[in-house]
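Observations on the model geometry
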Amino acid sequence: FILCYVIWILLTGSFAAQELIVGAVVSILVAWFSARFFVHDSPYWFFGKRFFILIWYCVAIFPWELIKANWDVAKRVLSPKLRINPGIIRVPVDLTAEYGKAMLADSITLTPGTITVDIDEREGRCWYYIHWVDVQETDREAAGEIIKGRMEKWIRRIWQ
C-alpha cells in the first residue's frame, strides 16, 4: 500500500485533498488484489537482493536490450533492401518460476522484431514459440541466445 501510494503521489505531483483520497483508495485496492502474489511465509522475501536486481533489470538490462532491438529494426526499415527472413522458432527456456516465465515472455514480446506466440511446457521442459522478424539461426539453442540475450540470466536471478 505504502509503495503504491508513494508512486501515486509522485505521478500526480499533487497534494490536493481529492487526489490524496483517490490515491489512497486506489492504493488500498491494488494492495488488496495483489497481496496474494507478494505475501509469503517470509514477509520480506522479495524486498532484499531480488528487489534490487529487479530494479537493475528494469533500469539497465531490459532498456539496453530494447535499444539494441530498436536499432536493428530501424536499420531494416530504413535500408533500401528490406532484409527480413520472418519465421517462428522454438526456443528452450530454463526458468521454473511462473513469474519468471511470464516476465521473459513479456520482455521478448516488448523488444521489436520478436513476439512470444506460445509457451509449451511439455516434455519436462519449457519452450517458447517466438515469431522472429529475421531468423538468423535455426539451431534452437543458438537462436535462444540471440533472442533472449542477457534477459533470461537476470530474470532467473530475480525469481529463482
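Report follows, based on the coordinates. This structure is a prediction, so every number in the text was calculated from the model and none was measured. Each chain has its residues counted from 1, running along the sequence as written. pLDDT decides what is reported in this predicted model: residues at 70 or higher carry local features, side-chain atom pairs at 80 or more are listed and counted, and totals for whole chains, interfaces and linings draw on all residues regardless. Neither water nor hydrogens contribute to the side-chain values; these are computed over all heavy atoms in the structure.

Here's the deal with the overall build of the protein
- By the criteria applied, helices consist of DSSP H or I runs no shorter than four residues and strands consist of E runs no shorter than two, each listed in order from the N terminus. The helix and strand inventory of the protein stands at six helices and three strands.
- Ordered by position from N to C terminus, the α and β elements of the protein give α-α-α-β-α-β-β-α-α.
- Note on method: radius of gyration uses C-alpha positions; expected globular size equals 2.2 Å times residues raised to 0.38. For the protein, the C-alpha radius of gyration of 19 Å lies well beyond 15 Å, the compact-globule estimate for 160 residues.
- If one aligns the C-alpha atoms of the protein with their principal axes, the spans along those axes are about 55 × 40 × 25 Å.
- Burial classes follow relative accessibility: with a 1.4 Å probe on protein chains only, a residue under 20% of its type's maximum area counts as buried, one over 50% as exposed, and anything between as partly exposed. Here the protein holds 160 residues, and the buried ones make up 31% of them.
- Throughout, a residue-residue contact means that at least one pair of heavy atoms, one from each residue, lies within 4.5 Å. Put simply, of all contacts in the protein between residues at least 6 apart along the chain, 65% involve residues at least 24 apart.
- Split by element, the accessible area of the protein, about 10400 Å² in all, is 67% carbon and sulfur.
- Once the 18 positive and 17 negative side-chain charges of the protein are each reduced to a mean point, those two points are 5 Å apart. Here the open area of atoms and residues is found with the Shrake-Rupley method and a 1.4 Å probe, where only the protein chains shown may cover a residue. The positive count covers Lys and Arg only, the negative count covers Asp and Glu only, and His and the chain ends enter neither. A single reference atom marks each charge: NZ on Lys, CZ on Arg, CG on Asp, CD on Glu.

Things to note about the packing of aromatic side chains
- Two aromatic rings from Phe, Tyr or Trp, using only the six-membered ring of Trp, form a pair when their centres are within 6.5 Å; if the ring planes differ by under 30 degrees the pair is stacked, by over 60 it is edge-to-face, and anything between is tilted. The final tally for this structure, using the stated rule, is five aromatic pairs.
- Consider the rings of Trp 32 and Phe 33, whose centres lie 4.8 Å apart with planes at 55 degrees: the pair is tilted. Comparing Trp 32 with Phe 33, the two get one shared label, exposed.
- Over a ring means this: the NZ of a Lys or the CZ of an Arg is within 6 Å of the ring centre and within 35 degrees of the ring normal. Over the face of the ring belonging to Trp 127 we find Arg 90, whose NZ or CZ atom lies 4.1 Å from the ring centre.
- Looking at Arg 140, its charged tip hangs above the ring of Trp 127, at a distance of 5.6 Å from the centre.

Side note on the side chain of Arg 76
- Relative to the helices and strands, Arg 76 is located in helix 3 (residues 49-78).
- Excluding anything up to four places from it in sequence, Arg 76 contacts Leu 82, Arg 83, Ile 84, Val 133, Asp 134 and Gln 136.

So, the side chain of Asp 120
- Tracing the sequence through the fold places Asp 120 in strand 2 (residues 114-120).
- We call two N or O atoms a polar contact when they sit within 3.5 Å, provided that within protein one can donate a hydrogen and the other can accept it, with sequence-adjacent residues counted only if both atoms are side-chain atoms. A distance of 2.9 Å separates polar atoms of two side chains, one belonging to Asp 120 and the other to Arg 122.
- Every residue in contact with Asp 120, bar those within four places of it in the chain, is listed here: Arg 90, Arg 125, Cys 126, Trp 127 and Tyr 129.

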